[in-house]
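Structural overview
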Amino acid sequence: MWLGGSRLLDDEIVWVTFETGLSRSLLEGHDVCFVRYTKPRDYAGVLRLTLDAERLVRNRKVDRVVTTGANVALAFLLSTLTRRGDFHYIESAARTDAPSETGRVMAHAPGVHRYAQYPWLDRRWRYAGSVFDSFRPGSPRQAKVQRVVVTAGTTDSFSFRRLFARAVRILPPGAEVLWQTGSTDVSGLRRINPRSHVPSTELAAAVADADVVISHAGAGSALTALELGRHPILVPRESAFNEHVDDHQQQIARELDRRGLALCCAVGQLDLQALQYAASRTVETVSEPLPFPLARMGDSRC
């Protein structure tokens, strides 16, 4: 999320997010306000965040909010609209089929500009294109599975031990692996040198040098791989195993597989053949992402 105003200069923008190793490194040098972490659908936590949002909006004289959600978006909604500020909610690129739970709230909130990254048949949302439109399948290549990145992102809420246990079983002996485990406890799994958080520059360098990237199907992790020309294996977390609040990661994995940009692979399907397939594929950047066409102040809401 960034806060600012339609009349403010770029250096008067404040970024608001949870504090992680990734967010610290990505936003180094920017004006950042780290807010207390809340788990997905932690409604008591959202209420606490709302008090923080009220103070920040008042003290910084914010008149425009741009956010992709989820809990932070809800926390800033009331304080922004009660001051007649401009509120823009961009649904996550991970939500290919329908809005998230936060998006469903935003769909009924008056005075909100709403944007979808896929052409849903819902007039309450403006379709503005997807961040993934900037990529296309690249040329095939020959590569052995020697350097691998396995990442579950940096979420502090959910474990994804199944991914790491499976990767240990199928990775070739001698492969050089960077293991970014997030909040997953991988104790007892052999061959793993776990790192909960890897600085963004180091992770980017490892992905660029990797033959294969195996990742949970998070939008941020997928984007990192695509931007660096990798064709990632996306393994969706499953709510049945308490790996996320729902199964939205299957949506983004299937969508990127359909576009030829990634391989969607359930945990049980992850094998050496999948590794070899991903290693032989590349991704190209078609163009730089276009500026998101936000509505101007005073425009009617969707």
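Scroll up to find the structure this text is about.
Residues numbered from 1 in each chain as written. Predicted model: local features only at pLDDT ≥ 70, side-chain atom pairs only at ≥ 80, totals over all residues. Heavy atoms only, no water.

This part takes up the pattern of salt bridges. Close approach of charged atoms allows side chains with opposite charge to pair. What the rule picks out here adds up to 19 salt bridges. Among the salt bridges present, the one from Asp-133 reaches Arg-259, with a minimum N-O distance of 2.9 Å. Taken as a pair, Asp-133 in the loop between β7 (126-127) and β8 (135-137) and Arg-259 in the loop between α8 (248-258) and β14 (263-264) lie far apart in primary sequence, 126 residues in all. On the basis of relative accessibility, which here comes to 39%, the residue Asp-133 falls in the partly exposed class. We classify Arg-259 as partly exposed; its relative accessible area is 22%. The residue Arg-259 makes a salt bridge to Glu-255 at a minimum N-O spacing of 2.8 Å. Connected through shared salt-bridge partners, Asp-133, Glu-255, Arg-258 and Arg-259 make up one network. (Salt bridge = Lys/Arg side-chain N within 4 Å of Asp/Glu carboxyl O. Helix = DSSP H or I, 4+ residues; strand = E, 2+ residues; numbered from the N terminus. Buried < 20%, exposed > 50% of the residue type's maximum accessible area, 1.4 Å probe, protein only.)

The next thing to look at is unusual backbone geometry. One non-glycine residue with positive phi stands out, namely Arg-191, at about 70 degrees. With respect to the helices and strands, the residue Arg-191 is situated in the loop between β10 (176-180) and β11 (194-195).

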